[in-house]
Each structure stands twice: as structure tokens, then as C-alpha cells.
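Tertiary structure, described
If you want the building blocks of each chain, they are given just below.
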Amino acid sequence: MRTIKRALISGGAGFVGSHLCEQLLRDGVSVVCLDNLCTGLRSNIKLLEEHPDFRWVDHDAVEPWPELGDFDLVAHLACPASPVDYAELGIETLRVGSEGTRHALDVALAKGARFLLASTSEVYGDPTEHPQRETYWGNVNSIGPRSVYDESKRFSEAITVAYRRYHGVDTTIARIFNTYGPRMRPDDGRMIPTFIHQALTNRPLTVSGSGQQTRSICHVTDTVRGLSALAHSHHEGPVNIGNPIELSVWNVATKILESTGSSSPIEYHDAVIDDPQKRCPDITLARSELGWEPLIGADEGLASTIEWFRSGLAVSALESNH
Ligand code: NAD
């Protein structure tokens, strides 16, 4: 296992990024977070700023990056990640995946740091191979409404391997599958925070399509443990980081209704264009190369997420951001 003492995390004010920063700080790593809060939360930074080894730099990753010191790890997580966010920030999403990733790679090159790209299961598109292995090339519509995100990440992967190939940068790629947990924004439009928010406010749970489409949901604690294991390894990736237990969207809605005790009905809406019908990672590689697998089951993970939403922290974090 390699030693990491100083890390630069782009997107560290976001949902996954703030948990990653927190984990690294707990492991004794000093952390600089580069984030412009375009989809992240000020409250996530405030929590972290109480730690003496944490610094936030308010910067748009698309612009050339300022000199920020020396690092052993550069992790590039900055990118709008929810369909609602990237629909609104389409060009920004493409730019942070292309120009932003290039700037992040240039820092890793200059500092001799390990580089970790937070990629996504969306690079597999609406998959024709199931479960998805890292060797699968994907089935992505390059001109559909989701393409700003999917193609942005596919380009990020391409430039990441090009920096390894042409410049010898020590890169790796994590293909992250649906992750959920505390600190998700109630308005970010992703399935779990949307359902929880709807259940707790006694509104119908809005399911797009039949609800039989599947997702694999991974608790953020597990995802971050996987990212950290990959960062500390020598593996070049890509490596799937996700929970291989497949649930239908209807299953997830029902679990949330049970766990919240809500009597909200489930309401079916038109299917979303290009919505993947099946989504499940093959995590053989993560198991064998990183010794990693998820440990938190859906019932336990959803309960802790619901608890966080119930505490009012989700809504107050959002309100204090504006
Ligand atoms: P998020 O929106 O909560 O976090 C993204 C962070 O990046 C935010 O803090 C945002 O302000 C910042 N950011 C975006 N564009 C920026 C820019 N141009 N300059 C500086 N900062 C910028 O999303 P998340 O769910 O935490 O996702 C984090 C990363 O993990 C993303 O790269 C995403 O693609 C990847 N990922 C997440 C999931 C998931 O289920 N959460 C799944 C697959 C991949």
C-alpha cells in the first residue's frame, strides 16, 4: 500500500467528495479541496474547515489551476453528477470533464502525484452486457439529453489514460455506481433523496417508467472506502466501485416507504429518455485487487440516510447555501 500524506480533491464540497475529504483527514492526510460550489454545499466545507489540515480553495476547475502546493494524490471529483444538475449545467459538465480533467492531470504530472478519476457507471450507458464488467465498452447515445454527462466522463477516462500513456502519470479510474447517503441534496433529483424527501413530506413518490428498471445502490461510506483503497493501490483501473445487489426502482421506493412509515402513494410518470434499464456492477476486480466490497446493506444504509433527512440537516444545508 502506498503512503498518501497530502491530497488535492476537486469537488470536495460535494456529496461524495466531502465524505472522501473527511475519510482522508481521519487517516491523517492533509487535504486541499478545490470547488466552486456549483452543485456542492457550503455546509459540507464548514464541517471540514474545523479541521486544521483542511483548506478550501474556491476555484472553477475549468480555469487554469493556481499553485496549491505539493501532493501525493490528486483526485478529480468535480463534476455536476445528478441528472437535474447536468441538464441545467450541460456545457459546464462537458468542460469540467474535458478542460477540468486536463488541469487536474497537469497538477498530478507536475507534482509526481497519483491521479484518481471519479468516473461513473454511466460510461456503460444503457448496457447490453449484464452485470457490467470493466471490459464492457458501453452503449451510450452521444447526442441524447444525458450525453453531456456520459460523454464528458468518457472523455475524462480517455485523457486520463492518455496522460498515463504519453506522460507516464500514475493514473487510476474508479467507475462509481449509484451512491447514496447523508449530505445528498433533497433537490438534486436523484432517486433516493427524491423519494426520501417525498416520503417525509407526505407527497407521492414519483417513479419514472415502470419502476422495474434496476439500480445497484451503494452507501457512501462503502464507496469512499473503495475510492481510498484504489488511491492507495497501484492499480491503473478502471475498477467498478458499487454494490452488486440489484434492486428495482420499485423495490427502493417500497423500502423507503416502509422505513419512513409514510403512507405516500407511488405515482408512475413517463420514462426518462435513455434511462438505463439495468444497472449492476461486476466487482470481481475490486474484490481481488483491492480486497474491497460493500459492507452496508440497503436497509441499514437507507435508514441512516432517512435519519439524516429527518433531522432537518438536508433542508437547512440547502437553505444556508443561498
Ligand atoms: P456533487 O454534485 O455532490 O459533487 C460535485 C462537486 O463538484 C460539487 O461540490 C461541485 O460544486 C463541484 N464542481 C462541479 N463542477 C465544478 C467546477 N467546474 N469547478 C469546481 N468545482 C466543481 O456530486 P457527487 O455525487 O458527490 O459526485 C462526485 C463525483 O463522483 C462526480 O465526478 C460524479 O460524476 C462521480 N459519481 C458519483 C456518483 C453518485 O452516485 N453520487 C456515481 C458515479 C460517479
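See the structure above.
Notes on the structure follow. Quantities reported herein were computed from a predicted structural model and do not represent experimental measurements.

1. Considering the pairing of strand E6 (residues 171-176)
Counted residue by residue, E6 has six buried out of six residues, so it is predominantly covered. Of the two faces of E6, the one holding Thr171, Ile173 and Arg175 and the one holding Thr172, Ala174 and Ile176 are both buried throughout. Bridge count between strand E5 (residues 114-120) and E6: six bridges; the pairing is parallel. Paired with threonine 120 across the bridge in E6 is isoleucine 176.

2. Points about the side chain of threonine 171
Inspection of the secondary structure puts threonine 171 in strand E6. Apart from residues no more than four positions distant in its own chain, threonine 171 is found in contact with Leu105, Arg114, Phe115, Thr160, Arg164, His235 and Glu236.

3. Quick notes on the packing of aromatic side chains
The geometry of an aromatic ring pair is captured by two quantities: the separation of the ring centres and the angle between the planes. Per the stated rule, a full pass over the model turns up four aromatic pairs. Considering the side-chain rings of tyrosine 124 and phenylalanine 177, the 6.1 Å spacing of their centres and the 40 degrees angle between planes classify their relative orientation as tilted. Within this pair, whereas tyrosine 124 is found in the loop between E5 and helix H5 (147-167), its partner phenylalanine 177 is found in the loop between E6 and strand E7 (179-180), the two being separated by 53 residues in sequence. For the pair formed by tyrosine 124 and phenylalanine 177, the shared burial category is buried.

4. Brief notes about the nonpolar core
Ile9, Phe54, Ile192 and Phe195 are the most contacted members of the largest nonpolar core, which totals 58 residues. Ranked by residues supplied to this core, first place goes to helix H1 (residues 15-26) with six residues. The contacts of phenylalanine 54, once residues within four sequence positions are left out, are Cys21, Leu25, Val31, Cys33, Ile45, Leu48 and Glu49. Within the second largest apolar cluster, 27 residues are counted, among which are Leu34, Leu68, Ala108 and Ile159.

Parameters at a glance
- For every chain, the first residue of the written sequence is number 1, and numbering continues from 1 along that sequence.
- Note on the predicted model: pLDDT of at least 70 is required for a residue's local features to be given, and 80 or more for side-chain atom pairs to be given and counted; whole-chain, interface and lining totals, by contrast, use all residues.
- Side-chain measures here rest on the full set of heavy atoms in the structure, leaving out hydrogens and waters.
- In this scheme, a residue with accessible area under 20% of its type's maximum is buried, one over 50% is exposed, and one in between is partly exposed, where area comes from a 1.4 Å probe on protein chains only.
- Strands are runs of DSSP state E lasting at least 2 residues, helices are runs of H or I lasting at least 4, and numbering of each runs from the N terminus.
- Strand pairing is assigned whenever DSSP detects at least two bridges linking the two strands.
- The contact criterion used throughout is that any non-hydrogen atoms of two residues lie within 4.5 Å.
- The rule is short: rings of Phe, Tyr and Trp, with Trp giving its six-membered ring, pair when the centres are within 6.5 Å, and they are stacked under 30 degrees, edge-to-face over 60, tilted in between.
- We define the nonpolar core as a collection of buried residues of types Ala, Val, Leu, Ile, Met, Phe, Trp, Tyr and Cys that are connected through side-chain atoms lying within 4.5 Å of one another.

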